[in-house]
Amino acid sequence: MKAVLMAGGSGTRLRPLTCDLPKPMVPIMNKPIIEHIVDLLKQHNFSDIYVTLYYLPQLIQNHLQDGSQLGVNVHYALEEEKPLGTAGCVKNIEQHLDDTFLIISGDALTDFDLGKALAFHKAKGSKATIVLTRVENPLEFGVVITDDEGRIQRFLEKPSSSEVFSDTINTGIYILEPELLQMLPPNEEKDFSKDLFPQILAQGLPMYGYVAEEGYWCDVGNLTAYRKAHYDVLAGKVKLQLPYTEQEPGLWVGEGTTLEPSVIIEKPAVIGHNTYVGKNVRISADTVLGDNVIVAQNATLKRPIVWNGANIERNASLRGCVLGKSVIVHKEAQILEGAVIGDGCRLGEGTVVKPEVRIWPLKEIEPNSVASASIIWGSGALQSIFGELGVAGTVNTDITPELAVKLGAAYGATIGMGKSIAMSRDQSATGRLFSRAFASGVLSVGVHIQNLEATALPVVRAQLPSLDVSGGVHIRVAPDLSREKVSIEFLDAKGLNIAPQAEKKIEATYQKEDFRRARVMELGEIQYPSRIMEKYQEGFLKYLAPHEPTRSVKVVLDYMFQVSQVILPNLLGKRNLDAVVLNAHVNEGPLRDAELLESQTRDVVKALKADFGVRIDANGERLTVIDERGELIGFQQLLAVFVQLFLHKNPGKKVAVPVMAPSLIEEVAARYGGEVIRTKSTTRALMDAAQEADVVLAGYGGQFIFPGFHAGFDAMMATAALATLLALDSKKLSAYVSDLPDLYFAHTQMPCPTALKGTLMRLMLERYAERDITLLDGVKVHEDKGWTLILPDPSKPVVHFYSNGPTQSFCDSKQQQYRSEIETMLREYQDANE
C-alpha cells in the first residue's frame, strides 16, 4: 500500500531547535519524528512511501535515503519553485497514486492503529476519511463534527473560543481515493481543509471522520509540546520503537555507554549510544540523553532533553531544559526550566540561563553571565581566543584537534614560509595528541619544526635562544587540579611569552584563514635538536656555582603525577644537596584526593626531617613550598622569603613583582637597599621587567624568574636556589618566614561582562578621581596605610579586588566596600542603557 508523508514543515514555533533542521527531523527519544512515522507506516503494511519536501529537503533525504534500511521504499517529491500547500504537493504526485492511499504528517507523534482507520474507510465506502481524536483544548486545531454514522457535517480550521463546537479535531491523517485529486488544479497552492474538503462536502461525496478512541497523538508544534511528548513516551502513553535496549524496567541504555558506579539514576530515563556519565552524577526521572554525550562528575540532570554530542561539564545543573546538538555546558553552569539552547552553543563556566530563555544556535555565552532574555542576534562570544595561558580550553570540547591544526597553520603563516619554530609538550597523552595536530598545521604552510618532544617548559624557555628559530610553541595540560584543559602557549625567540600584538596577528590570521598552503616541495620538515637537556643542566649548575653550600640540605620533591623523567634530583646531588622524590610518574586525568596527597607530602617532610618540601606543577613552572615543620607557606610569604634571600646576597639590586603583590615586598627590599619594580598583571609584563638591568628576581603566585639564568618561570631553579641559599647558614626556612613583617591581604572577584570592562574603568576614574590612586593596571586606591586594587581580568569576564593593609579587618572591609560600589556602578549603568 502507498502513503504520502508530509515533511515540508519548517517548525518555526520550535525555534531555536529548527533553525537549521526541518521539523520532521527533530528527535523524539533521539530518533527523528519522521522515522517514528515510517516505523508506524511499515507496521501497518504501507511499503511505498512518498515524502513531500520543502524546507531543507536534503537533510531528510540524507537520513531516510531510499528507505531500504528501514524496510520500506521511499520516494521524494520536492516543492522546488514555490510551496504548494498540503493538497497541492500531493496533486503534484498524482500519477503515482492509483489506489486508496493514506496521508500522514511527518511532524506529529502518534501510534494510532492505521489498519482500523483503513477498514473503517472501506466499510463506509468513503471517498475521504479524516482520522480524528479528542483533545481538551481544540483551539489550536481543526475542529470536526460528524453525525451518528461518522459522516462529516462540518469542520473549521483553528476556531476562536466562541466558534468551538466540538472537542474532536483533525489529526492531519487522511485516507483518500485517488480520483479526488482530479478536483485540484495542477501547480497551485491548495490546502486539504480549506480547499479540497469543502468541495467534497459541497458535492455531497461521502466523507467520514474516524475517531481514534485508542492510541496517542501529539502535534509537536511548540517547545512545551516537544517536552511533553518525551515525558509521555517515558510514561508509556505512546508505543514507539526505541533505538536502545531496556536494561531494566524504565531504563534504556545504548551500546558503548559507560555509567560510573556512583551514578544515581531515577527511572524512567534514556541514555544514548557511546555516552559517558561520570562519578556522582544525579539523573532524575524523565531525563533523555542523546548519543555521544559526555556528562562529567557531580552534574545534576533533572528532566532535561539533551541532543547528540552535548558536553556537560562537572557540577553543571540542568532542569527541565532542552539542549540542541553539540552544545557545551561548562562547569557549574545552570540551565533552568523551559530554557532551550540551540545547536553548537557554548555556555561559559558559572553561566545561569533563566527559565524559558531561548538561545539561538552557535552563541557563546561568557562565564558567570546571567541570560535572562532570549539571545537571537550577536554572538556573545569572548573577545579573544587568547588568555593568560595562550589558547586554552577543555580538551576535545573547546580545543579540538581540528582547531589545533587550523591554529598551527595560522601561527606558521605569521612566522613565514621557510622559517623555523621550536615545538615542545608535556608528558601527558593530551600534550602528545595536540602537539601532533598543531605540528600538521605548521608543516602545511611550509614552516619547519625543531621538535623538542616531551620537555619541561623551563628547559624550553632556557634553550630557545640557542636554536635559531623565530618562535616556539609549548602544549601542556593546563595547571589546575581537574586537568581537563589543554593550553597552547606561544613563545618568542627569547623564550618569553609573545607580546599582545603578536597574539592579535595570530588570531586575525586564524579567523580570516587568508594564508597560503605550501606546495609539495615547500612543505615544512621536522628536525630533532641534540643535547637540549644537557645544555640546560650546564647552564643550571653554572648559575648556582657562585654559592657553594656549607651544610647538608634535604628536600622532598613531589611531582604530583605530572612527569616520569626528572632531572632535578641529579642536579641537586651535584650540589651535595639531598632529594627525596614522590609521585614521579604520569597519571592521566584529574588529580584525585588532592588534599590527602598534600597532607602526605607534609607528613613525609616531617618524618624525614627534611629542610623543606616542594610540590612542582604547571609543567615545571610553579612550586608550592612546605617548611620543615610541615606547614604550607602561602604564595605571598614565599615571594617575600625569596626577595629576602636574594637581596641579602645581592644588596642594592632590583626585584620585579606585579601590581597586586603586597607592600610587604617593599618593606623586605628596603632592609637591603633593594628596589621593587611594579609591573602590570600579565605574565609578559613581568617577564619584560625581569630583563631590565640589575633585576635579580621576578615572581608572583609561586612562579619565579631568575634573569641570570633564563627569561621564564622555573620551579626547578627556584627549588635549587632555595636549597642553596638555605645551605649557606643554619637558619631554618620557618625562621625566615617568621622574620617577615605581618601580612594582611585579601583577594576576591566578581563577574563583569567583557564588553563593560572599558566602561567600568571610566566609571571608576570618574568616581575615584579625587582620591589617591595609581593607574599602572586597573585602579589602585591608597588609603589609611593600605590600598585596594580593582583590576579587570585581561581575559576572563571578571574583575578582581586585592586589598592590603594594616589589619585583616581593614582588608575585609575594603573588599566589601569596593565590591558593593562596583556592583552599584555596573547596575546603574546597565539600567540606564537598557
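Remember, predicted model here, so these are calculated numbers, not experimental data.

**Q** Help me get a handle on unusual backbone geometry, residues and values and all.
**A** A cis amide bond links Arg-15 with the next residue in sequence, Pro-16, at an omega value of 10°. Within the secondary structure, Pro-16 sits in the loop between strand S1 (2-6) and strand S2 (27-28). One non-glycine residue, Leu-56, lies in positive phi territory at about 45°. Following the sequence through the fold, Leu-56 ends up in the loop between strand S4 (48-53) and helix H2 (57-64).

**Q** Got a sec to walk through helix H20 (residues 808-832)? Specific residues and values, please.
**A** Helix length check: H20 (25 residues) gives 36 Å between terminal C-alpha atoms against 36 Å at 1.5 Å per residue, within 8%. Where H20 is buried, its residues meet strand S51 (745-751), helix H19 (757-768), strand S53 (779-783), strand S54 (786-792) and strand S55 (798-804).

**Q** An account of the environment of Ala-108 is needed here, citing residue identities and associated values.
**A** With respect to the element layout, Ala-108 can be found in strand S7 (residues 108-110). Here the alpha-carbon distance between Ala-108 and Gly-573, two residues 465 residues apart in the chain, equals 76 Å. In this structure, Ala-108 is in contact with Ile-33, Ile-37, Trp-217, Cys-218, Asp-219 and Val-220, ignoring residues within four places of it in sequence.

**Q** Run through the environment of Lys-814, naming residues and quoting values.
**A** Tracing the backbone shows Lys-814 in helix H20. Judged by relative accessible area, Lys-814 falls into the buried class, the value being 10%. For the pair Lys-814 and Tyr-802, spaced twelve residues apart in sequence, the C-alpha separation works out to 9.0 Å. Among residues more than four places away in sequence, those in contact with Lys-814 are Glu-783, Asp-784, Thr-788 and Ser-803. In terms of polar contacts, Lys-814 uses its side chain to reach the side chain of Glu-783, at 3.4 Å.

**Q** Before we move on, can you summarise the packing of helix H11 (residues 532-544) against helix H17 (residues 715-726) with the specific residues and values?
**A** Remark: H11 packs on H17, axes separated minimally by 11 Å, with the N-to-C direction vectors making an angle of 30°. Our classification of the angle between H11 and H17 gives roughly parallel. Note on packing geometry: the crossing formed by H11 with H17 is right-handed. Contacts between H11 and H17 pair Tyr-536, Phe-540, Tyr-543 and Leu-544 from the former with Met-716, Met-717, Ala-720, Ala-721 and Thr-724 from the latter. Broken down by class, the residue content of the contact of H11 with H17 amounts to eight nonpolar, one polar and no charged.

**Q** Run through helix H7 (residues 401-415), naming residues and quoting values.
**A** The end-to-end C-alpha separation of H7 is 21 Å, in line with the 21 Å expected for 15 residues at 1.5 Å each. All buried positions along H7 are accounted for by Leu-403, Ala-404, Leu-407, Gly-408, Ala-409, Ala-410, Tyr-411, Gly-412, Thr-414 and Ile-415. Elements that come into contact with the buried residues of H7 comprise strand S36 (391-394), strand S37 (420-425), helix H8 (429-444), strand S39 (472-477), strand S40 (485-491) and helix H10 (500-512). Phi turns positive, to about 115°, at Gly-416, one or two residues after H7.

**Q** Can you tell me about the sheet that holds strand S49 (residues 695-700), naming the residues and giving the values?
**A** If you walk across this open sheet you meet the four strands as S48-S47-S49-S50, and the pairing is mixed. A single partner strand is all that each edge strand has here, and the edge strands are strand S48 (675-679) and strand S50 (703-705). Neighbour to neighbour, the strand axes of the sheet diverge by 20° on average, direction disregarded. Two strands pair when backbone bridges link them, and strand S47 (residues 654-658) and S48 are joined in this way by five bridges, in the parallel orientation. When the bridges of S48 are listed, Lys-654 appears paired with Glu-675. On the sheet, helix H16 (residues 683-690) packs against S47, S48, S49 and S50 and is oriented at approximately 165° with respect to S49.

**Q** Describe the pattern of salt bridges, listing the residues and the values that go with them.
**A** For side chains of opposite charge, pairing can occur when their charged atoms come near one another. With the rule as written, the count across this model stands at 39 salt bridges. Residues Glu-349 and Lys-331 are paired through a salt bridge, measuring 3.9 Å at the closest nitrogen-oxygen approach. Of this pair, Glu-349 sits in the loop between strand S31 (346-347) and strand S32 (352-353) while Lys-331 sits in the loop between strand S28 (328-329) and strand S29 (334-335), and the two are 18 residues apart along the sequence. Since its relative accessible area comes to 30%, Glu-349 is described here as partly exposed. Residue classification places Lys-331 among the buried positions, given a relative accessible area of 17%. Several salt bridges converge on common partners, so that one network encompasses Arg-461, Arg-476, Glu-489 and Glu-621.

**Q** Talk me through the packing of aromatic side chains; I want residue IDs and the actual numbers.
**A** Tallied over the entire structure, the rule returns 21 aromatic pairs. For the pair Tyr-411 and Phe-438, a centre-to-centre distance of 6.1 Å together with 40° between the ring planes defines the contact as tilted. Taken as a pair, Tyr-411 in helix H7 and Phe-438 in helix H8 lie far apart in primary sequence, 27 residues in all. On the basis of relative accessibility, which here comes to 0%, the residue Phe-438 falls in the buried class. Residue placement shows Lys-406 over the ring face of Tyr-510; its charged tip is 4.3 Å from the ring centre. Over the ring of Tyr-736 we find Lys-731, and its NZ or CZ is 4.4 Å from the ring centre.

Basis of the calculations
Residues numbered from 1 in each chain as written. Predicted model: local features only at pLDDT ≥ 70, side-chain atom pairs only at ≥ 80, totals over all residues. Heavy atoms only, no water. Helix = DSSP H or I, 4+ residues; strand = E, 2+ residues; numbered from the N terminus. Expected span 1.5 Å × (residues − 1). Contact = heavy atoms within 4.5 Å. Buried < 20%, exposed > 50% of the residue type's maximum accessible area, 1.4 Å probe, protein only. Polar contact = N/O pair within 3.5 Å; in protein donor to acceptor, adjacent residues only side chain to side chain. Axes fitted to C-alpha atoms, helices over the stretch in contact; angles between N-to-C directions. Parallel < 35°, antiparallel > 145°, perpendicular 65-115°, else oblique. Left-handed = near helix turned anticlockwise from the far one by under 90°. Nonpolar A, V, L, I, M, F, W, Y, C, P; charged D, E, K, R; others polar. Pairing = 2+ DSSP bridges. Salt bridge = Lys/Arg side-chain N within 4 Å of Asp/Glu carboxyl O. Phe/Tyr/Trp six-rings, centres within 6.5 Å; stacked < 30°, edge-to-face > 60°. Lys NZ or Arg CZ within 6 Å of the ring centre and 35° of its normal.

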